Amino acid sequence: MVGLPRYLHIGDIRKPPGVRFTREAIDTLASGDCFTHVYSGNWGNILDDDGKVYPEVTAALKRGVATDVGFGGLNFSFKAFDALMAQGIVTDVISSDLQGVNITGPCHSLANVMSIFLNNGYALNDVVERVTIRPAKLLGLDNRIGSITPGLPARVTVFDIESGDYIFRDTKGDTRHGEAMIVPRWCLMDGEIIESDETPGL
């Protein structure tokens, strides 16, 4: 009614009795809308009982509906991720859904969530694109943010990619090893350099 895109949360932490409304809800989305928790392993996610993507989801993606990770503390499952990636469901946006209750795990930070994707089939360029220009375009803000472009505000994050043996945990308690970790060093926000310091958040 107000001419803005819709942002739909799918999945639930409980498995209530009765009907799941995910298919009907996704059917209402139009081009430019987005649904989050795409790789959720919870009741009401986008997989049927046989692990197949609902046809309504495939149809929605074809008409321009976007997907978002929304990792959070409850809404990312490696099992669902593997099943959906195998069926061609590649997210448009990578987001942390960072809150006070998940900064100590399993989410930790946007960099941690980015690292999970970097270690599981996404190229670095694809990961960066999904936390910068893609969400900016989805929000209609790409004329102001999301890229290093003359005339736009200088908002830049500088990070290293460290090598090691890292353990990543999903929100179901499952773990997976990885060899690369994205580590923020500092950012430039409108002329101010801000050093990376996770202590205040923790």
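Computed from a prediction, not measured in an experiment: that's the story for all the values here.

Structural notes on helix α2 (residues 55–62)
Here is step 1: Within α2, the full set of buried residues consists of Glu56, Val57 and Ala60. Summarising the axial view, the buried residues of α2 lie within an arc of 100°, below the 170-degree limit, and thus occupy one face. More than 90 degrees from the buried face of α2, the exposed residues found are Pro55 and Lys62.
Here is step 2: Those residues of α2 hidden inside the fold are in contact with α1 (22–27) and β2 (34–36).
Here is step 3: Glycine 64 occupies a position one or two residues after α2 and carries a positive phi of about 100°.

Considering the pattern of salt bridges
Here is step 1: All told, the structure shown has 10 salt bridges when counted by the stated rule.
Here is step 2: Notably, a salt bridge pairs aspartate 92 with arginine 134, separated by 3.5 Å at the nearest N-O pair. Taken together, the residues aspartate 92 in the loop between α3 (78–86) and α4 (110–118) and arginine 134 in helix α6 (residues 133–138) connect sequence positions 42 residues apart.
Here is step 3: Given a relative accessible area of 28%, arginine 134 falls into the partly exposed group.
Here is step 4: Here arginine 185 ties to glutamate 162 by a salt bridge, and the two come within 2.5 Å at their closest N and O atoms. Residue arginine 185 is located in strand β5 (residues 175–189), and its partner glutamate 162 is located in strand β4 (residues 155–169); the two are separated by 23 residues in the primary sequence.
Here is step 5: One connected set of salt bridges, linked through shared partners, spans Asp92, Glu129 and Arg134.

Things to note about the sheet that holds β4
Each strand in a sheet pairs with another by means of backbone hydrogen bonds, the pair being arranged parallel or else antiparallel.
Here is step 1: The strand order across the open sheet built from 3 strands is β4-β5-β6, with neighbouring strands paired in antiparallel fashion. Sheet topology places β4 and β6 (192–195) at the edges, where each strand pairs with a single neighbour. Across the sheet, the axes of successive neighbouring strands diverge by a mean angle of 25°, strand direction being ignored.
Here is step 2: With 4 bridges connecting them, β5 and β6 associate as antiparallel partners. Directly across from methionine 189, in β6, lies its bridge partner glutamate 192.
Here is step 3: Across the face of the sheet, α3 comes into contact with β4 and β5 while running at roughly 90° to β5.
Here is step 4: Seen against the sheet, α4 touches β4 and β5 and runs at an angle of roughly 135° to β5.

Considerations on the environment of threonine 36
Here is step 1: Along the polypeptide, threonine 36 turns up in strand β2.
Here is step 2: Among the residues examined, threonine 36 registers a relative accessible area of 3% and is labelled buried.
Here is step 3: When the C-alpha atoms of threonine 36 and valine 93 are compared, they prove to be 9.0 Å apart, with 57 residues separating the residues in sequence.
Here is step 4: Look past the residues within four positions of threonine 36 in its chain and what remains in contact with it is Tyr7, Leu8, His9, Ile10, Asp68, Val69 and Gly70.
Here is step 5: Looking at threonine 36, its side chain comes within polar contact range of the side chain of aspartate 68, at 2.8 Å.

Description of the pairing of β4
Put simply, side chains in a regular strand alternate between the two faces of the sheet.
Here is step 1: In terms of strand pairing, β4 meets β5 through 13 bridges, oriented antiparallel. Opposite tyrosine 166, over in β5, you have glycine 178 as the bridge partner.
Here is step 2: With antiparallel pairing between neighbouring strands as the criterion, β4 and β5 make up a hairpin whose turn holds 5 residues, including glycine 173 at a positive phi of roughly 95°.

Side note on the environment of glycine 64
Here is step 1: Here glycine 64 shows up in the loop between α2 and β3 (66–68).
Here is step 2: Of the residues examined, glycine 64 reaches a relative accessible area of 34% and is grouped as partly exposed.
Here is step 3: Considering only alpha carbons, one finds glycine 64 and glycine 32, 32 residues apart in sequence, at a separation of 6.1 Å.
Here is step 4: Those residues in contact with glycine 64 that sit more than four places away from it in its chain are Ser31, Gly32 and Asp33.

Some points on the packing of aromatic side chains
Here is step 1: Scanning all chains against the criterion turns up 9 aromatic pairs.
Here is step 2: Here the aromatic rings of tyrosine 39 and phenylalanine 117 are separated by 6.1 Å at their centres, their planes lie at 40°, and the arrangement is tilted. With tyrosine 39 in the loop between β2 and α2 and phenylalanine 117 in helix α4, this residue pair connects regions lying 78 residues apart in the sequence.
Here is step 3: Taking the relative accessible area as the measure of exposure, tyrosine 39 reaches 0% and is therefore buried.
Here is step 4: A residue is classified by how much of its surface remains accessible, and phenylalanine 117, at 0% relative accessible area, is buried.
Here is step 5: Pairing phenylalanine 76 with phenylalanine 81 gives two aromatic rings, centres 5.8 Å apart and planes at 40°, and the pair type is tilted.
Here is step 6: Its relative accessible area of 4% is what places phenylalanine 81 among the buried residues.
Here is step 7: Grouped by ring-pair contacts, the aromatic residues Tyr39, Phe71, Phe76, Phe78, Phe81, Phe117 and Tyr122 constitute a single cluster.

Cut-offs and rules
Residues numbered from 1 in each chain as written. Predicted model: local features only at pLDDT ≥ 70, side-chain atom pairs only at ≥ 80, totals over all residues. Heavy atoms only, no water. Buried < 20%, exposed > 50% of the residue type's maximum accessible area, 1.4 Å probe, protein only. Helix = DSSP H or I, 4+ residues; strand = E, 2+ residues; numbered from the N terminus. Arc of directions from axis to C-beta. Contact = heavy atoms within 4.5 Å. Salt bridge = Lys/Arg side-chain N within 4 Å of Asp/Glu carboxyl O. Pairing = 2+ DSSP bridges. Axes fitted to C-alpha atoms, helices over the stretch in contact; angles between N-to-C directions. Polar contact = N/O pair within 3.5 Å; in protein donor to acceptor, adjacent residues only side chain to side chain. Phe/Tyr/Trp six-rings, centres within 6.5 Å; stacked < 30°, edge-to-face > 60°.

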